[in-house]
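Residue-level listing of the chains:
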Amino acid sequence: MHNKFKSIVSVIFISFYFVLGMFSQTSPRFSFGKTRLTITDEFNLSNNLKVYRGQISEEELDRTHPILGTIQIDELELHFTPLVPFGWNQEYTFIYNNTIEYFTLEIPEAYNYLAVEAIYPSAKSLPSNLLKWYVQFSHPVNEVHVYDYIRFINNQGDTLSRTTLSLENALISEDGKLLTVWIEPGRQKRDLIPNKQLGPVFENDAMYQLIVLKNIKDRQGVSMQKDFTHLFKITYADRIQPSMGSFKILPPENNDDLVIFLGESMDYGSTLNSMKIINAEKQEIYGEWQLTNNESTLIFTPKHPWKKGQYQVLIDSRLEDLAGNNLNRLFDSGVSILDKKQLCDEYKLEFSIK
Amino acid sequence: MKTLVTFIITLILFFLTITGNANSSLKANFTTGNPEIKSINSMTFGPKGILFIGDSKSAQIVAIDVSSHPKVDNSKVKIDLLDQLIADMLGTTTDQIQITDMAVNPENNNIYLSVHHGSGTAILFKVDNNKLKPVSLDNISHSKTSLLDPIAMDAKDKRGRELRKWAVADMQYTSGKIMLSGLSNKEFGSTFRSIDFPFTKEQNYSSLEIYHAAHGKYETHAPIKAFVPTKIKGSSHIIAGYTCTPLVIFPTDQIKPGVHNKGRTVAELGSGNSPVDMIEVENEGKRYLLIANSNRPLMKMEFSDLEAYEGSLTTPVIKKGAAVGVDYVNLPFVNVQQLDNYGPSGFLIVQRESNGNLALKQGRTWWIEK
């Protein structure tokens, strides 16, 4: 009897273990990073892995769409690589072999948060028909609806409306760090309907703040830690074309930098892209251009020491001042003037090294 | 009788050869591989299942061959919570994604959506039975051309520093040419380009300056936000929409490099607004222009009215928000973010509905009737 009982208990025990073995939901061993979820489970390597955004309950799974990604099996590990990297502070759910697991990538303590490093124009006093701003970020900025995070506030604390040109595709430099913001040209350019009906964006003799809201994100989806604020004063409209006559060149001596005084603050983006130096043999002199003194002075540091001889600074006629006036025309030029005028594409400044 | 049969067979073979040659000539310089698309700012279909992608980040236009994608029955297409769906599929939040364009293959009504993710990733989706399927761009038959002119490319090689960048605003294919409008990050101007297709090494590259007279005193060379190549009274024209919101027409044959091209403003569609997309739709023998807007409902304009309007608006609109010029009808579709043709007389939209739902859906042909 005792043996019989032992046999029955053994059968029940074995059966229980068998059933448990078939349907048990032991947690898989897993690890995760920004670009990969790895499951280490030597007995159940298969592709039945699905990853979801958020903390999803079993009941909700059917109503939720799994994250797109690729699965690879590498020896005894299974890797899931999402189509776009996992986000910081974002909860995720994965289901593997009928087991639900959750994970979250916490932002590292030493995370290098996005910040505004510079703003152009940097001068505190600006013309009312100012056309562009450039925001220099510390690292690549998230482009999705990026212009929604730029605000202009007047001295009374009111947010100005319809200030910038809203572009579906953001204008960002190749390194992802310099954002171009156009002040609504229709309001800055005289006689257009927005200008007639709403007037220019900024009023003379008034103080304003440019604010980059802290909820702007970097490409990792992480926001800035605080708003960036830049205070500036508006003066009268600039309706004078930049002129070659006001450019003064300070020829370098020995291995000095070349300095060009521009006579007024110029547009950051167009100025840095409008200059080129050639020698008497028409060979380009390579080096670094820098704008200083509220973007009114250009400094050129040659890559190699200067050699004696004649040089020319070639200046693209599209070089603009802060109001979009270039070497060939005013931003809102008259129809008849522009039609008749013969324009050249490039201007020259000469200097020599003795 | 035998002669007739032989003639018909020869005719069929000739026709097939011509079609085959036309097909192969368009894709003759296509190669299979990774076109290294970094952004999808604008899309449009050409013939033979060729999808053109405007990639501002890589400063290139890429033509990809999607003719092998099987035809999907999209006759009952309707996807609600489209942004939520995309965010779920990318494991992200809706504020991290942007639908940058939508294109419908006119040959089979397959629908494509391009999405930009905040990480800088561009994704192309195909709509399949009201679901989204990603289209891999890693190994695809393609041909591409640079948007940098040869001088700029040379300069970039030498100096290795940042050059002018510009964002593609709209792109259309017509009669062997890709036309593009865009805006530079350095100068405010009308950048309108025409590039021959198939792309060649000796690229016929035209950068065109297009102006429209802004009320007599000052003229503007603002960038074109959306445009359609079309026929006005039988000759080729471009209908262009600008911010705030003049509608301007240009005779295509007069737009030439180095020529100061000035268009005729035929309508002002109200201030505080910007055109988003424009298409031409034909129904029951009548042609209509549909314009999706940032701050106005979907507009329907009859081509017969456009053609009949011979004037040019030269005086400012005084009444705030008022529209003048060629007449149009507001259709009951607000916040239309994407618009394209669907079939010969239909249209497809991505619309933020009044309840907040972002929906991909068809507009009923009923609206495209007299």
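Residues numbered from 1 in each chain as written. Chains lettered and ligands numbered in written order. Predicted model: local features only at pLDDT ≥ 70, side-chain atom pairs only at ≥ 80, totals over all residues. Heavy atoms only, no water.

An unreviewed UniProt entry annotates chain A as SbsA Ig-like domain-containing protein of Aquimarina algiphila.

A. Main features of the overall build of chain A. Across its full length, chain A carries five helices and 21 strands. Residue burial in chain A is summarised as follows: out of 354 residues, 49% are buried. If you take every contact in chain A between residues at least 6 apart in sequence, the share linking residues at least 24 apart comes to 65%. For chain A, the accessible area works out to roughly 18500 Å², and carbon and sulfur atoms hold 50% of it. (Helix = DSSP H or I, 4+ residues; strand = E, 2+ residues; numbered from the N terminus. Buried < 20%, exposed > 50% of the residue type's maximum accessible area, 1.4 Å probe, protein only. Contact = heavy atoms within 4.5 Å. Areas by Shrake-Rupley, 256 points an atom, 1.4 Å probe, with all protein chains shown as cover.)

B. A look at the pairing of strand β7 (residues 99-104) of chain A. Residue and element names in this part refer to chain A. Residues Thr99, Glu101 and Phe103 point to one face of β7 and are all buried, whereas Ile100, Tyr102 and Thr104, pointing to the other face, are not buried. By the bridge criterion, six bridges tie strand β6 (residues 91-96) to β7 in an arrangement that is antiparallel. If you follow phenylalanine 94 over to β7, its bridge partner there is glutamate 101. Once β6 ends, the chain turns through two residues before running back antiparallel as β7, passing asparagine 97 with a positive phi of about 50 degrees. (Pairing = 2+ DSSP bridges.)

C. Local environment of the environment of Gly182(B). Inspection of the secondary structure puts Gly182(B) in strand β12 (residues 177-184). A C-alpha to C-alpha distance of 28 Å links Gly182(B) and Lys320(B), two positions 138 residues apart in sequence.

D. Spatial organisation of the pattern of salt bridges. As enumerated under the stated definition, the model contains 17 salt bridges over all chains in all. Notably, a salt bridge pairs Arg219(A) with Glu143(A), separated by 3.1 Å at the nearest N-O pair. Pair noted here: Arg219(A) is in the loop between β13 (207-212) and β14 (228-235) and Glu143(A) is in the loop between β10 (132-137) and β11 (150-154), with a separation of 76 residues, a long-range link. Close ionic contact of Glu280(B) with Arg287(B) constitutes a salt bridge, the shortest N to O distance being 3.0 Å. You can call Glu280(B) partly exposed: its relative accessible area is 24%. The network of salt bridges with common partners includes Lys132(A), Asp267(A) and Glu320(A). (Salt bridge = Lys/Arg side-chain N within 4 Å of Asp/Glu carboxyl O.)

E. Region of interest: the layout of surface pockets. By volume, the second largest pocket is sized at about 1400 Å³. The wall of the second largest pocket is formed by 50 residues, among which His145(A), Ser166(A), Leu167(A), Glu168(A) and Ser294(B) lie closest to the centre. Where the lining of the second largest pocket is concerned, the elements lending two or more residues are β11 of chain A together with β6 (97-104), β11 (166-174), β21 (275-283) and β26 (336-342) of chain B. No other element matches the five residues that β6(B) contributes to the lining of the second largest pocket. Among the residues making up the lining of the second largest pocket, the classes are represented as 16 nonpolar, 22 polar and 12 charged. (1 Å grid on protein atoms, 1.4 Å probe; cavity = no way out; pocket = protein on both sides within 12 Å on 5 of 7 lines; lining within 4 Å. Points joined across faces, edges and corners; volume = space filled by probe spheres on them. Nonpolar A, V, L, I, M, F, W, Y, C, P; charged D, E, K, R; others polar.)

F. Up close: the sheet that holds strand β18 (residues 287-292) of chain A. Residue and element names in this part refer to chain A. Read from one edge to the other, the open sheet built from four strands follows the order β15-β16-β19-β18, with strand pairing classed as antiparallel. Among the strands making up the open sheet, the edge pair consists of β15 (248-250) and β18. On average, each strand axis in the sheet is tilted by 20 degrees relative to the strand beside it, whichever way the strands run. (Axes fitted to C-alpha atoms, helices over the stretch in contact; angles between N-to-C directions.)

G. Structural context of the sheet that holds strand β1 (residues 31-33) of chain B. All names here are of chain B. An order of β1-β10-β4-β3-β2 is seen for the five strands of this open sheet, with the pairing classed as antiparallel. Two strands in the sheet have a free side with no partner beyond their single neighbour: β1 and β2 (42-45). In this sheet, neighbouring strand axes are inclined to one another by 35 degrees on average, regardless of whether the strands run parallel or antiparallel. Note that strand β4 (residues 60-65) and strand β10 (residues 140-146) share five bridges and pair antiparallel. Residue pairing for β10: isoleucine 64 is matched across the bridge by histidine 142.

H. Broad picture of helix α2 (residues 82-90) of chain B. All names here are of chain B. Counted residue by residue, α2 has eight buried out of nine residues, so it is predominantly covered. Among the residues of α2, Leu82, Asp83, Leu85, Ile86, Ala87, Asp88, Met89 and Leu90 are the ones counted as buried. Phi turns positive, to about 65 degrees, at glycine 91, one or two residues after α2.

I. Region of interest: the domain arrangement of chain B. Residues and elements named next belong to chain B. Looking at chain B, the domain boundaries give domain 1 (36-164) and domain 2 (209-370). Tallying the contact residues gives 20 residues for domain 1 and 18 residues for domain 2. Together domain 1 and domain 2 conceal approximately 1500 Å² of surface at their shared face, both sides included; 57% is due to carbon and sulfur atoms. When the shortest N-O distance is used, the salt bridge between aspartate 83 and arginine 352 registers 3.1 Å. Here domain 1 is connected to domain 2 by 13 residue pairs in polar contact (both at pLDDT 80 or more). (Domains from an automatic or database assignment. Buried area = accessible area lost by both parts, 1.4 Å probe. Polar contact = N/O pair within 3.5 Å; in protein donor to acceptor, adjacent residues only side chain to side chain.)

J. Inspection of the nonpolar core at higher detail. Residue and element names in this part refer to chain A. Within the largest apolar cluster, 44 residues are counted, with the highest numbers of intra-cluster contacts made by Trp133, Leu179, Phe202 and Val212. At the level of elements, β8 (116-120), β10, β11, β12 (178-182), β13 and β14 are the ones that each hand at least two residues to this core. If one sorts the elements of this core by residue count, β13 sits on top with four residues. The contacts of phenylalanine 202, once residues within four sequence positions are left out, are Ser128, Leu130, Phe152, Leu160, Ile183, Gln188, Tyr208, Phe232 and Ile234. Residues Leu262, Ile277, Ile315 and Ile353 belong to the second largest nonpolar core, which totals 28 residues. (Core = buried A, V, L, I, M, F, W, Y, C linked by side-chain atoms within 4.5 Å.)

K. Seen up close, the pairing of β21(B). Within β21(B), seven of the nine residues are buried, which leaves it mostly tucked inside the rest of the structure. Joining the antiparallel neighbours β21(B) and strand β22 (residues 286-293) of chain B is a turn of two residues, in which Glu284(B) adopts a positive phi near 50 degrees.

L. How the structure looks around unusual backbone geometry. With an omega of 0 degrees, the peptide bond running from Tyr120(A) to Pro121(A) counts as cis. Note the cis peptide between Phe197(B) and Pro198(B), where omega equals 5 degrees. By the element assignment, Pro198(B) lies in the loop between β13 (191-196) and β14 (205-208). Of note in this structure, Asn89(A) is not a glycine but carries a positive phi near 60 degrees. Structurally, Asn89(A) is set in the loop between β5 (77-82) and β6.

M. Seen up close, the environment of Asn273(B). Residues and elements named next belong to chain B. Inspection of the secondary structure puts asparagine 273 in the loop between β20 (261-268) and β21. Take asparagine 273: its relative accessible area is 2%, and that puts it in the buried class. For the pair asparagine 273 and serine 75, spaced 198 residues apart in sequence, the C-alpha separation works out to 32 Å. Residues contacting asparagine 273, with those up to four places away along its chain left out, are Thr243, Cys244, Thr245, Asn293, Ser294, Asn295, Arg296 and Met299. In terms of polar contacts, asparagine 273 uses its side chain to reach the backbone amide nitrogen of serine 294, at 3.3 Å. Among the polar contacts listed, one links the side chain of asparagine 273 to the backbone nitrogen of asparagine 295, at a separation of 2.8 Å.

N. Layout of the packing of aromatic side chains. Residues and elements named next belong to chain A. Here the structure, examined in full by the defined rule, presents 35 aromatic pairs over all chains. A centroid spacing of 5.4 Å and a plane angle of 85 degrees characterise the contact between phenylalanine 86 and phenylalanine 103, whose relative ring orientation is edge-to-face. Taken together, the residues phenylalanine 86 in the loop between β5 and β6 and phenylalanine 103 in strand β7 connect sequence positions 17 residues apart. You'll find phenylalanine 86 and phenylalanine 103 in the same group, each marked buried. Counting every residue linked through ring pairs, the aromatic cluster contains Phe30, Phe32, Phe80, Phe86, Tyr92, Phe94 and Phe103. (Phe/Tyr/Trp six-rings, centres within 6.5 Å; stacked < 30°, edge-to-face > 60°.)

O. Region of the structure containing empty space enclosed by the protein. Residues and elements named next belong to chain A. The full count for this structure, using the stated rule, is three cavities of 30 Å³ or more. When its volume is computed, the second largest cavity comes out at roughly 40 Å³. Together, Tyr120, Pro121, Leu130, Leu131, Lys132, Tyr134, Met266, Asp267, Tyr268 and Leu322 line the second largest cavity.

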